[in-house]
Amino acid sequence: MLTLTPVGSGQPPDNDLLAGLNENQAEAVRCINGPLLIIAGAGSGKTRVLTVRLAYMLRNGIDARQVLALTFTNKAAGEMKERIGHLVGASTARSIWAGTFHSIFARILRQYAERVGYTSAFTIYDTDDQTAAIKAVMNQLGISQQVLPPSGVRSRISSAKNSMISWQEYARSAKSVLEQQTGQIFEQYERRLRLSNAMDFDDLLNVTIRLLRDNPDVLATLQERFRYIMVDEYQDTNRSQYTVVSMLAARHGNLCVVGDDAQSIYRWRGAEIRNILDFDRDYPKAQVVRLEQNYRSTKTILAAAHSVIKRNATQLKKELWTDNSEGEKITVLACRDDREEAEMIARTIRSRMASHGYSPKDVAILYRTNAQSQALEDALRRSNMAYHIVSGVSFYKRKEVKDALAYLRILVNPDDAESILRVINEPARGIGNTSIERIQSYAVQQGITFHAALQQIDRVPLMQARTVKAVSEFIGIIDRHRELLNELPPATLAQAYIEATGLPQMYRLQQNEEALDRWNNIERVLDHIAEQQELDESLTLVTYLEQIALISDADDPELGNNRIAMMTMHAAKGLEFPLVVIAGLEQGLFPLAKAEQDPEEQEEERRLLYVGMTRAREQLVLSYAEKRFRFGEITYSRPSMFLAEIDKATIAPSGRSMTGSEVTPQRPLKAPYQQTPGRAGSARGASAIEHNEYSQIPVPKRYTSVSQPASRRQAEQQAAPTVRVGQRVKHPMFGSGTISAVTGGGQTEKATVLFDNGQRKQLMVAFARLEIIG
DNA sequence: ACTTAGTAAATTCTC
DNA sequence: TTTACTAAGT
């Protein structure tokens, strides 16, 4: 066992750190100079090795500020810092540069923005912004969006940029008409982003590379600053990431990369598995350490996973083994359709929870596509089991939230054309498409930004007097508040500014539930800014917006809640659960249809299954359905080829009946199975229990698009009403007040609060961080 | 210029 | 099933 050192209590000798590590792990920890490749099999204690290694470095006199740790999610970086904090003290840990590639390089780029032709207030464009820019460019070029779908153009451009192919190179090697047109769009797209002082995700890396290439002094500074570099999930790095890392590590050569080629599942977004396969060729002096002992799974699970992955041709040699017990065999559930599959999964989980004492948080349901979650959710809800969806539609993707953020983005970077276009007529100001088109072509013609064109609106031809007035008012709101950018704290400014845009009023005036939800979501953004500002005094709108832009769905899984976790296998990487269910093992779904021809795709799908299976510690359940609802219609499919690849000896013999009974060796199941009356038509089969005992559990209107902001956050709030009229509450922004009315329940519960400062607000209880006082 | 109705398309994964 | 865009109507 590793003894955790309390913060601030002197420094115990190093062997404390190494205690409890196996030989290979200790070797990886001790090797701090020169290139090092750690091949870390699933469940081999990678995170622990990495944190201990960093702590070991710090204990041996390396300055924390010289350490750069690159991870794939912000969450991974945060956890790493926290764990190191326990070992060496929180303040030391804080000065390590740890974060995702994108967030670290965004930070660096802000510092050197002028060197590469941007201002430090540059905007980061997400996928939607990119698509919007591409559409605008296509319009301008007169290329039909029917013939050439913008989303396809976006992904071709992005994968080119991933591989560091410039528009010039792309256009030069373009063969088909499609590629030639994409090349043209590519060129204009790059120009447009540059003019907008905006970078897309790929730019964050590629512009960094350009910065380092063209500015030897910057390169030298950064090489000195980051003398020790560590890259996690190296098998998933793309070409740009690989290049940046090699440039930074070139001087000191203290580069430690960690990964597992068997878990490379991001080929589709440009990850090059070769990066890890060829590491020892790139760095001939590299030490290689293999972590092959698995501490997570049973022998059975490991054998099953191994029997699958060994069918892949391209991989590094390694043999995972474990001291863990044999464990129970794997269960395969054969189901008639997706609905029955969901029911059987719910029942299986329930019975395993009863027989093995698992609590909900010990269980995960994994699937290939997000669309599969729906049937599963319905089943869990009906059997009254607490669940929680990791990922799904993020809060920040909601229209009203994006609108509010777009307004804020314009404030810090008025050149951001995409954001202006998004909100110029939101709420409706009488600035229609025709006017916008005219202003745009004027801007292009003059070679000025969209914002500049708006400022000289009286010079734009063919403008109606009414439109000119509307535009001047719009631009006035922005410019007026821009002057306050350095005067007011971000939260105060944002509050006043958003109020001035008329966006909240628009929703407040429509007296329906949907509008109320939307208004509340905007409030929540403002609350969030206030909250962040309190946490970090130096917060600016620029840094806040950057933080939001680089957030990922996997970053906020609301741990600590005792719920069954549901997520895609991609999102499950790095996690583990005693009981794991993998649903939908069918040809055409897993592996996906397009992988059936392409052997490389097929290998990637196989690795994905490997990742899924190795999440399980004790029990693994696999399921498939003969037919399921897809694309709004019923499709039939055969069981996945992968099922046949799993070593038969690891699978429980099934008395496979198609009647929907469980096929485990475990008890036949008489576990309590309560049924909540679901939506009309949702009860089926054995649903004899139709009483209303559980009716206070709301059936969330998930698919009405409205009342489902932040699905995960909201999923927490499945319980009955939590506030009463007359109760005293406290709100982080509005202070204390009294509840004067409550409507709805569960997720739609709204409370009207009369605040002591005289304000009256209607708040969604699920979102507003109301604290009950007195 | 905005609203509405109807039709087409989309459903893999993500910083 | 849901969203997104287009065309016609007000």
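Basis of the calculations
- Residues numbered from 1 in each chain as written.
- Chains lettered and ligands numbered in written order.
- Predicted model: local features only at pLDDT ≥ 70, side-chain atom pairs only at ≥ 80, totals over all residues.
- Heavy atoms only, no water.
- Helix = DSSP H or I, 4+ residues; strand = E, 2+ residues; numbered from the N terminus.
- Areas by Shrake-Rupley, 256 points an atom, 1.4 Å probe, with all protein chains shown as cover.
- Buried < 20%, exposed > 50% of the residue type's maximum accessible area, 1.4 Å probe, protein only.
- Patch = residues over 30% accessible without salt bridge, like charges linked within 9 Å, V, L, I, M, F, W, Y side chains within 5 Å.
- Salt bridge = Lys/Arg side-chain N within 4 Å of Asp/Glu carboxyl O.
- Lys, Arg positive; Asp, Glu negative; His and termini not counted.
- Polar contact = N/O pair within 3.5 Å; in protein donor to acceptor, adjacent residues only side chain to side chain.
- Contact = heavy atoms within 4.5 Å.
- Phe/Tyr/Trp six-rings, centres within 6.5 Å; stacked < 30°, edge-to-face > 60°.
- Lys NZ or Arg CZ within 6 Å of the ring centre and 35° of its normal.
- Disulfide = S-S within 2.5 Å.
- Pairing = 2+ DSSP bridges.
- Axes fitted to C-alpha atoms, helices over the stretch in contact; angles between N-to-C directions.
- Expected span 1.5 Å × (residues − 1).
- Parallel < 35°, antiparallel > 145°, perpendicular 65-115°, else oblique.
- Left-handed = near helix turned anticlockwise from the far one by under 90°.
- Nonpolar A, V, L, I, M, F, W, Y, C, P; charged D, E, K, R; others polar.
- pLDDT = per-residue confidence, 0-100.

Peer 1: Just to check I follow, could you spell out the overall build of chain A for this structure?
Peer 2: Helix and strand counts for chain A come out as 31 helices and 22 strands. Of the accessible surface of chain A, which amounts to about 33000 Å², a share of 50% is contributed by carbon and sulfur atoms.

Peer 1: Hey, could you run me through unusual backbone geometry in this one?
Peer 2: Across the chain, the bulk of peptide bonds are trans and the bulk of non-glycine residues have phi less than zero. Of note, the amide linkage connecting E426 to P427 takes the cis form, showing an omega dihedral of 0 degrees. Structurally, P427 is set in the loop between α20 (417–423) and α21 (433–446). The linkage connecting F590 with the following residue, P591, adopts the cis geometry, with an omega of 5 degrees. Position of P591 among the secondary structure elements: in the loop between β15 (577–582) and α29 (599–613). Backbone geometry at E233 places phi at a positive 55 degrees, although glycine is not the residue there. By the secondary structure assignment, E233 is in the loop between β6 (228–231) and α13 (239–249). For E233, a relative accessible area of 14% translates into the label buried. Not every positive phi belongs to a glycine, and N384 is a case in point at roughly 65 degrees. Here N384 is to be found in the loop between α18 (373–382) and β13 (387–389).

Peer 1: Could you clarify how one ought to interpret a nonpolar patch on the surface in this entry?
Peer 2: On the surface, F629, I634 and Y636 cluster together into a nonpolar patch covering about 390 Å² of accessible area. With respect to the helices, strands and loops of the structure, F629 is situated in strand β16 (residues 616–630). Look at F629 and you get exposed, because its relative accessible area is 53%.

Peer 1: Quick question: what am I supposed to make of the side chain of D337 here?
Peer 2: Structurally, D337 is set in strand β11 (residues 331–337). We note that D337 is buried and unpaired, the nearest opposite charge coming from K627 at a distance of 4.6 Å. In terms of polar contacts, D337 uses its side chain to reach the backbone amide nitrogen of E340, at 2.8 Å. Other than its neighbours up to four places away in sequence, D337 contacts A625 and K627.

Peer 1: What's the story with the packing of aromatic side chains in this structure? I'm lost.
Peer 2: Geometrically, a pair of aromatic rings is defined through the distance of the ring centres and the angle of the planes. Throughout the structure, instances matching the rule amount to 10 aromatic pairs. Plain terms: the ring middles of F72 and F101 are 6.1 Å apart, the flat faces sit at 70 degrees to each other, and that makes the pair edge-to-face. With F72 in the loop between β2 (67–71) and α4 (74–88) and F101 in helix α6 (residues 101–112), this residue pair connects regions lying 29 residues apart in the sequence. Under the relative-accessibility criterion, F72 is labelled partly exposed at 22%. Seen from their ring centres, F590 and F642 are 5.7 Å apart, and the 80 degrees between their planes marks the pair as edge-to-face. Pair noted here: F590 is in the loop between β15 and α29 and F642 is in helix α30 (residues 641–645), with a separation of 52 residues, a long-range link. There is no split in this pair, since F590 and F642 are both buried. Taken together through their ring pairs, the aromatic side chains of F72, F101 and F105 make up a single cluster. Taking NZ or CZ as reference, R269 lies 4.1 Å from the ring centre of Y266, over its face.

Peer 1: Honestly, the state of the cysteines in this entry has me stumped. Any pointers?
Peer 2: By definition, a disulfide links the sulfur atoms of two cysteine residues through a covalent bond. Per the counting criterion, the structure on display carries 0 disulfides. Here C256 is not disulfide-linked; the sulfur of C31 is the nearest cysteine sulfur, at 7.7 Å. The exposure class assigned to C256 is buried, which follows from its relative accessible area of 1%.

Peer 1: Please clarify how the sheet that holds strand β3 (residues 97–100) should be interpreted in this entry.
Peer 2: In a beta sheet, neighbouring strands are held together by backbone hydrogen bonds and run either parallel or antiparallel to one another. Spatially, 6 strands are ordered β3-β2-β6-β7-β1-β8 in an open sheet, and the strand pairing comes out parallel. If you trace the sheet from one side to the other, it starts and ends with β3 and β8 (287–291), each paired once. On average, each strand axis in the sheet is tilted by 15 degrees relative to the strand beside it, whichever way the strands run.

Peer 1: Sorry, what's going on with the pattern of salt bridges here?
Peer 2: Pairing between side chains of opposite charge can happen when their charged atoms approach one another. This model, assessed by the stated rule, comprises 43 salt bridges. Residue K46 is joined to D232 by a salt bridge in which the shortest nitrogen-to-oxygen separation is 3.2 Å. Here K46, found in helix α3 (residues 46–59), pairs with D232, found in the loop between β6 and α13; they are 186 residues apart in sequence, far enough to count as distant. An identical accessibility class is assigned to K46 and D232; each is buried. It is possible to trace a salt-bridge network through shared partners that takes in K46, D232, E233, D236 and K573.

Peer 1: Which parts of the structure should I look at to understand the environment of R381?
Peer 2: With respect to the helices and strands, R381 occurs in helix α18. The class of R381 is buried, set by a relative accessible area of 10%. In the structure, R381 is positioned 164 residues away from L545 in sequence and 36 Å away in space, judged by C-alpha atoms.

Peer 1: Just checking my understanding: could you explain helix α7 (residues 127–141) for this structure?
Peer 2: Because an α-helix completes one turn every 3.6 residues, residues spaced three or four positions apart along the sequence face the same direction. Here α7 is 15 residues long and its end C-alpha atoms lie 21 Å apart, about the 21 Å a rise of 1.5 Å per residue gives. When α7 is considered as a whole, its buried residues turn out to be D129, Q130, T131, A133, I134, A136, V137 and M138. Two or three places before D128, at the start of α7, stands the capping residue D126, its side-chain oxygen 3.0 Å from that residue's backbone nitrogen. G142 sits one or two positions beyond α7 and adopts a positive phi of about 70 degrees.

Peer 1: Quick question: what am I supposed to make of the packing of helix α17 (residues 338–356) against α18 here?
Peer 2: Geometrically, a packed helix pair is captured by the angle between its two axes and the distance between the axes. For the pair α17 and α18, interaxial distance at closest approach is 8 Å and the crossing angle is 45 degrees. Comparing the axis directions of α17 and α18 gives the class oblique. Between α17 and α18 lies a crossing of right-handed hand. For the pair α17 and α18, contact is made by D338, R339, A342, E343, I345 and A346 and by A375, L376, A379, L380 and R382, respectively. For the contact of α17 with α18, a count of residues per class yields 7 nonpolar, no polar and 4 charged.

Peer 1: Can you walk me through the confidence of the model for chain A in this structure?
Peer 2: Detailed reading of the predicted coordinates is not advisable wherever pLDDT falls low. Counting all residues, the mean pLDDT for chain A is 82, and 82% of those residues have values of 70 or more. When mean pLDDT is taken per element in chain A, helix α12 (residues 216–225) scores highest with 97 and helix α31 (residues 711–715) scores lowest with 32. Considering only residues more than four positions removed or in separate chains, one finds that residues 1–12, a stretch of pLDDT under 50, has 19 contacts. Taken together, the stretch residues 655–721 has pLDDT below 50 and engages in 144 contacts with residues farther than four places along the chain or on a different chain.

Peer 1: When you look at the pairing of β11 in this model, what are you seeing that I'm missing?
Peer 2: Two faces make up the sheet, and in a regular strand the side chains alternate between them. Counted residue by residue, β11 has 6 buried out of 7 residues, so it is predominantly covered. Pairing analysis gives 6 bridges linking β11 to β16, with the strands arranged parallel. What sits directly across from T331, in β16, is V621.

Peer 1: Before we go on, may I ask you to explain the pairing of strand β1 (residues 36–40) in this structure?
Peer 2: Burial analysis of β1 places 5 of its 5 residues in the buried class, which makes it a mostly covered element. The side-chain alternation of β1 yields two buried faces, one formed by L36, I38 and A40 and the other by L37 and I39. Where β1 lies against β8, 5 bridges are found, and the strand directions are parallel. Considered in β8, the bridge of I39 is made with R290. As paired strands, β1 and strand β7 (residues 255–259) are joined by 4 bridges and run parallel to one another.

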